[in-house]
Structures are given as structure tokens and as C-alpha cells.
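# Results of the structural survey
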Amino acid sequence: VALKKLVEDKVQVTQQDLQEGFESSYGPRAEVLAIVLSDQRAAQKIWEMARDNPTEQFFGQLAEQYSIEPVSSSNRGKVPPIRKHGGQPAVEKEAFSLKPGERSGIIATGGKYILLWCQGFTEPVVTDPAAVRDELVRDLTEAKTARAMAEQFEQILEASEIDNFLK
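These lines cover the structure that appears in this document, whether it is placed above or below. (Residues numbered from 1 in each chain as written. Predicted model: local features only at pLDDT ≥ 70, side-chain atom pairs only at ≥ 80, totals over all residues. Heavy atoms only, no water.)

Bringing the overall build of the protein into the picture now. Each helix and strand in the protein was counted, giving seven helices and three strands. With respect to the principal axes defined by its C-alpha atoms, the protein has extents near 70 × 55 × 20 Å. Counting contacts in the protein only where the partners sit at least 6 residues apart, residues at least 24 apart contribute 67% of the total. Carbon together with sulfur atoms contributes 51% to the accessible area of the protein, which is approximately 11000 Å² in total. (Helix = DSSP H or I, 4+ residues; strand = E, 2+ residues; numbered from the N terminus. Contact = heavy atoms within 4.5 Å. Areas by Shrake-Rupley, 256 points an atom, 1.4 Å probe, with all protein chains shown as cover.)

This next bit is on the side chain of Thr145. Note that Thr145 resides in helix H7 (residues 133-159). Owing to a relative accessible area of 9%, Thr145 belongs among the buried residues under this scheme. Polar side-chain contacts of Thr145 include one of 2.7 Å to the backbone oxygen of Thr141. Not counting residues within four places of it along the chain, the set of residues in contact with Thr145 comprises Lys4, Val7 and Val11. (Buried < 20%, exposed > 50% of the residue type's maximum accessible area, 1.4 Å probe, protein only. Polar contact = N/O pair within 3.5 Å; in protein donor to acceptor, adjacent residues only side chain to side chain.)

Of note in the backbone geometry, Arg76 takes a positive phi value of approximately 55° without being a glycine. The backbone of His85 sits at a positive phi, close to 55°, despite the residue not being glycine. Relative to the helices and strands, His85 is located in the loop between helix H5 (70-74) and helix H6 (89-97).

As for its position among the elements, Val7 is in helix H1 (residues 2-7). Each C-alpha atom, one on Val7 and one on Gln61, is 51 Å from the other, the two residues being 54 residues apart in sequence.

Once that is clear, we can look at the environment of Ser67. Among the secondary structure elements, Ser67 is positioned in the loop between helix H4 (56-66) and H5. Once the C-alpha coordinates of Ser67 and Ser38 are considered, the two residues, 29 residues apart in sequence, prove to be 8.7 Å apart. With residues up to four places along the chain from it excluded, the contact list for Ser67 reads Ala34, Ile35, Val36, Leu62, Ser72 and Ser73. A distance of 3.4 Å separates a polar atom in the side chain of Ser67 from the backbone nitrogen of Glu69.

Turning our attention to the pattern of salt bridges. Under the definition given, this model contains five salt bridges. Between Glu8 and Lys5 there is a salt bridge; the shortest N-O distance is 3.9 Å. Residue Glu8 is classed as partly exposed on the basis of its relative accessible area of 40%. Overall, the relative accessible area of 54% leaves Lys5 in the exposed class. Between Arg138 and Asp139 there is a salt bridge, and its shortest N-O distance comes to 3.5 Å. Here Arg138 falls in the partly exposed class, since its relative accessible area comes to 49%. (Salt bridge = Lys/Arg side-chain N within 4 Å of Asp/Glu carboxyl O.)

Looking now at H4. Along an α-helix, residues three or four positions apart point the same way, because every turn accommodates 3.6 residues. Inspection of H4 places Phe58, Phe59, Gly60, Leu62 and Ala63 among the buried residues, and these make up the whole buried set. Summarising the contacts, the buried residues of H4 are in contact with strand E1 (30-37), helix H3 (40-52), H5 and strand E3 (112-121).

In terms of nonpolar packing, the biggest core is built from 13 residues, with Val32, Ile82, Val91, Ile114 and Leu116 touching the most fellow members. Where this core is concerned, the elements lending two or more residues are E1, H6 and E3. The biggest single contributor to this core is E1, with four residues. Contacts of Val32, omitting those with residues within four sequence positions, involve Gly77, Lys78, Val79, Ile82, Leu116, Trp117, Cys118 and Gln119. Among the nonpolar cores identified, the runner-up in size contains twelve residues, and Phe58, Phe59, Leu62 and Leu115 belong to it. (Core = buried A, V, L, I, M, F, W, Y, C linked by side-chain atoms within 4.5 Å.)

That's the geometry; what it means functionally is another story.
Written out as C-alpha cells, the structure is:
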């Protein structure tokens, strides 16, 4: 509670925050097949195999056979739809730049190498940001407050000194 009181005046939700929050929560999502690999050499080899046989079915077979990520491997490459502003900018940028039926290049992120096959995009259910504005403001304020509280706590820890009076 004390941390919350210390940071509540610093937390501001901007119009850009609202726009990004709306796109993330209610915007279209990219439906893709993914192959996740641990090294670049294997990624290059699999990418060339996918290039030589550019079908969705073959891409799914490659995912089942080579992907190191359990969800994509067991579902023939099918992964949950990718949303904008979800925390993986490189993957999101590539996924939203593809057209249905297109294959991505090799995406290097977080020590992994990812290949995507775009299946299409979801249709948003909510298209009017004003309809969900109050909910977005509440959620964004809560998230920004939690982040500010963590930062404030870290600052307090760094500035603190320990005096051992027992010695």
C-alpha cells in the first residue's frame, strides 16, 4: 500500500498507451504455423527445405519433425494467434508483414530461431475503442502502477544501507 501511494501520482495513461492496449487486446491477430529451432544452421536448413516445397502441409510436417517447442511440434506448427504489442516485437513485425500463404525469413529472438507460415488474420470482435475505453484505462493503470511499484522498490533497495549493531 505504501509503495502504491508513493507511485500513484507518477502513473499516467497516454493516448498511445490506449491505442496499443486496444490493438493488443482487441485488434486482429496473425494466425501462423511456427517452427522453433535452437541453432541457426538448422534454421537455415529447414528454411531451405520449406522454400523448396512451399506448401502449408509440408511446413506443418517440418514443424512436427524439427520444432523444439512442444506446442508447435505436437500441433504440426499451429501456435496461438500472435497479437500486436505482446512482448515479442521481432516476431510480431514479421507475422504482421506476411500475407496469407507466405513464409517468413529466419527470425532470431531470445536465443531461438523461428520460421513462420502465415495462414491469415483473425477478425476483431470489438472495433470501437470507445466501447472498451474504461476497461483499458483500468487495466493499463493497474499494469503501469505495478511496474512503477517494482521500480520504486528497486530504488529503495539500492539506496538502503545496513548497519549491523551486533558487531
